[in-house]
Amino acid sequence: MSLSPESPVAVLCSGGDAPGMNAFLRAIVRLGLNRHQIPVYGIRDGYRGLVRAARQVNSDADALYRLKQEIERNIGNRGLIDAQQSIIQMDHASVSGIMGKGGTILGSARCLDFHKPEVRREVITLLEKLGVRALIVSGGDGSLTGARLLAEESDLRIIGVPATIDNDLQFTEMSLGVDTAVHTLVWAVDHFIDTARSHRRVMVLETMGRESGDLARMAALASGAEMVITPEGGALSEAKMRGLAEQIEGAMTRGRGHAIVLIAEGVKFEPEQKRNGAYVLRDAFQSYFQREGAPFPDLEVRPSVLGHLQRGGHSTPGDCILAARFAEEAWKSVLNPNGINGITALRYNKVEVVPFGCPDLPERAIHSCAMDLLHNDLSNW
């Protein structure tokens, strides 16, 4: 595919939203316009928006012309206001003032149809017809898998950008959104501590993180939570839960007046449970504390599932800075004739583009174990 200096770069956000996506979008657009003089197309609603636009074009011979006219006519905020416009040429004003805002102004969505090879072929054809030189995808594991498939099935330059509060992408030290989510969890723990101290309670708070305990682990270390339970520790049996309750009770006999317990949503139970882990743990703890002869039979356990609260909020400076660094590296790879398709990654505090399927950083697992040990030594009473 021959490219002209005006050949645009397209960017989309996919999957679950993460704080820092807007900061990344701003950086991609401003670098494109200011440093490289290359237009940037924003794709609304992630892969779903691409699929929607591709189907419109492929089902109507004149649709491509109308789509190009729409993109050229409704630039920036005018395009964003039109809820039906899937592809928008971004300008300076359209990304002004969005850096610290959570979520993504382009919208994000999951698209099951994109799993089909024939649908991806339609998307590739659309991008080629629009003269797009590269597609940049910001999202988590599933979104980056979609980016990898596009890279394998087309001649486009495809760059993924890790953006997920779960921090479950082991090839990078940090993903966009993690720092903000940890700050939000620390804020939440601070508020739960107030009522826990007032009533001498055990608060069991369930965090996000899917199969990774990193978010809960970092939040526990930063907030001073008394206990953290992660998927890496294995499934929780009744005996294990009694052991955890015994630790809390023992600390209270030595003077502790409350306890904050963080449990990651990916923690499994034996036998398997369908309820949220916070409620399963609450029942196990409450039963232990109210057993006959217990020293604190009136000790109350209150569960809370923090849920999507962790996805929102004003992006931290750390996430905004990482977003800018990821954007700069993505542009370098897009414009490098010898560059590779791949994913931006923070490795040893340096941002680089690594190939799709890059091996995990072994230091990630080592670092997680070290954080667990550190938290245990800091939280013991």
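The following refers to the structure shown. (Residues numbered from 1 in each chain as written. Predicted model: local features only at pLDDT ≥ 70, side-chain atom pairs only at ≥ 80, totals over all residues. Heavy atoms only, no water.)

**Remarks on the layout of surface pockets**
- A volume near 530 Å³ is recorded for the largest pocket.
- Taken together, 23 residues line the largest pocket, and the ones lying closest to its centre are Met227, Val228, Leu244, Gln247 and Asn376.
- Those elements giving two or more residues to the lining of the largest pocket turn out to be strand S7 (227-229), helix H9 (238-253) and helix H12 (362-379).
- Top contributing element to the lining of the largest pocket by residue count: H9, with five residues.
- For the lining of the largest pocket, the per-class residue count stands at nine nonpolar, eight polar and six charged.
- One number sums up the size of the second largest pocket: a volume of about 450 Å³.
- In terms of residue class, the lining of the second largest pocket is built from seven nonpolar, ten polar and six charged. (1 Å grid on protein atoms, 1.4 Å probe; cavity = no way out; pocket = protein on both sides within 12 Å on 5 of 7 lines; lining within 4 Å. Points joined across faces, edges and corners; volume = space filled by probe spheres on them. Helix = DSSP H or I, 4+ residues; strand = E, 2+ residues; numbered from the N terminus. Nonpolar A, V, L, I, M, F, W, Y, C, P; charged D, E, K, R; others polar.)

**Considering unusual backbone geometry**
- For the bond running from glutamate 270 to proline 271, omega is 0°, close enough to zero to count as cis.
- If you trace the backbone, proline 271 turns up in the loop between strand S8 (259-264) and helix H10 (277-289).
- Despite not being glycine, arginine 200 shows a phi value in the positive range, around 55°.
- Mapped onto the elements, arginine 200 comes out in the loop between helix H7 (178-199) and strand S6 (201-207).
- For arginine 200, a relative accessible area of 33% gives the class partly exposed.
- Even without a glycine there, the phi angle at asparagine 349 is positive, about 65°.
- A relative accessible area of 55% places asparagine 349 in the exposed class. (Buried < 20%, exposed > 50% of the residue type's maximum accessible area, 1.4 Å probe, protein only.)

**Regarding the packing of H9 against H10**
- Put simply, H9 and H10 touch, their axes get as near as 9 Å, and they point 60° apart. It follows that H9 is oblique to H10 by the angle criterion. Along this stretch, H9 crosses H10, giving a crossing that reads as right-handed. Residue-level inspection shows Met241, Arg242, Leu244, Ala245, Glu246, Ile248 and Glu249 of H9 in contact with H10, the latter providing Val280, Leu281, Ala284, Phe285, Tyr288 and Phe289.
- By residue class, the composition of the contact of H9 with H10 is ten nonpolar, no polar and three charged. (Axes fitted to C-alpha atoms, helices over the stretch in contact; angles between N-to-C directions. Parallel < 35°, antiparallel > 145°, perpendicular 65-115°, else oblique. Left-handed = near helix turned anticlockwise from the far one by under 90°. Contact = heavy atoms within 4.5 Å.)

**Digging into the pattern of salt bridges**
- Taken as a whole, this structure holds 21 salt bridges when the rule is applied.
- With a closest N to O distance of 3.1 Å, aspartate 168 and arginine 210 form a salt bridge. A residue pair is termed long-range when its members are at least 10 positions apart, and aspartate 168 in the loop between strand S5 (157-162) and H7 and arginine 210 in the loop between S6 and helix H8 (214-223) qualify at 42 residues.
- A residue is classified by how much of its surface remains accessible, and arginine 210, at 42% relative accessible area, is partly exposed.
- Connected through salt bridges with shared partners, the residues Asp214, Arg217, Glu232, Arg364 and Asp372 form a single ionic network. (Salt bridge = Lys/Arg side-chain N within 4 Å of Asp/Glu carboxyl O.)

**Quick look at the side chain of serine 175**
- Looking at the secondary structure, you find serine 175 in the loop between S5 and H7.
- Excluding residues that lie within four positions of it along the chain, serine 175 makes contacts with Pro162, Ala163, Thr164, Asn167, Leu169, Asp319 and Leu322.

**Here's the deal with the sheet that holds strand S3 (residues 87-89)**
- Here seven strands make up an open sheet; going across it, the order is S3-S2-S1-S4-S5-S10-S11 and the pairing mixed. Two strands lie at the open edges of the sheet, namely S3 and strand S11 (350-355), each paired on one side alone. Mean inter-strand twist for the sheet, computed between neighbouring axes without regard to direction, equals 25°.
- Pairing analysis gives two bridges linking S5 to strand S10 (residues 342-347), with the strands arranged parallel. Among the inter-strand pairings, isoleucine 159 is bridged to a residue of S10, identified as glycine 342.
- In the packing of helix H2 (residues 46-58) onto the sheet, contacts are made with strand S1 (9-13), strand S2 (40-43), S3 and strand S4 (134-139), and the angle to S1 comes to roughly 125°. (Pairing = 2+ DSSP bridges.)

**Let's talk about H10**
- A rise of 1.5 Å per residue sets the reference length of H10, with its 13 residues, at 18 Å; its end C-alpha atoms lie 18 Å apart and thus fit the reference within 8%.
- When H10 is considered as a whole, its buried residues turn out to be Gly277, Ala278, Val280, Leu281, Phe285, Gln286, Tyr288 and Phe289.
- In this fold, the buried residues of H10 make contact with S6, S7, H9, S8 and strand S9 (300-305). (Expected span 1.5 Å × (residues − 1).)

**Quick word on the environment of aspartate 319**
- Along the chain, aspartate 319 turns up in helix H11 (residues 317-335).
- The spatial distance from the C-alpha of aspartate 319 to the C-alpha of threonine 125 is 34 Å, given a sequence separation of 194 residues.
- What aspartate 319 contacts, discounting residues up to four positions off in sequence, is Pro19, Ser175, Leu176, Gly177, Val178, Asp179 and Thr180.

**Here's the deal with the packing of H2 against helix H5 (residues 117-129)**
- Closest axis-to-axis distance for the H2/H5 pair is 9 Å, and the angle between their directions is 75°. Comparing the axis directions of H2 and H5 gives the class roughly perpendicular. Counting all contacts with H2, which are made through Leu50, Val51, Ala53, Ala54, Arg55, Val57 and Asn58, the residues of H5 involved are Val119, Glu122, Val123, Leu126, Leu127 and Lys129.
- Taken together, the residues of the contact of H2 with H5 break down into nine nonpolar, one polar and three charged.

**Looking at the environment of isoleucine 75**
- By the element assignment, isoleucine 75 lies in the loop between helix H3 (63-73) and helix H4 (77-81).
- The spatial distance from the C-alpha of isoleucine 75 to the C-alpha of serine 94 is 8.7 Å, given a sequence separation of 19 residues.
- Each residue touching isoleucine 75, except ones within four places of it in the same chain, is listed here: Gln89 and Asp91.

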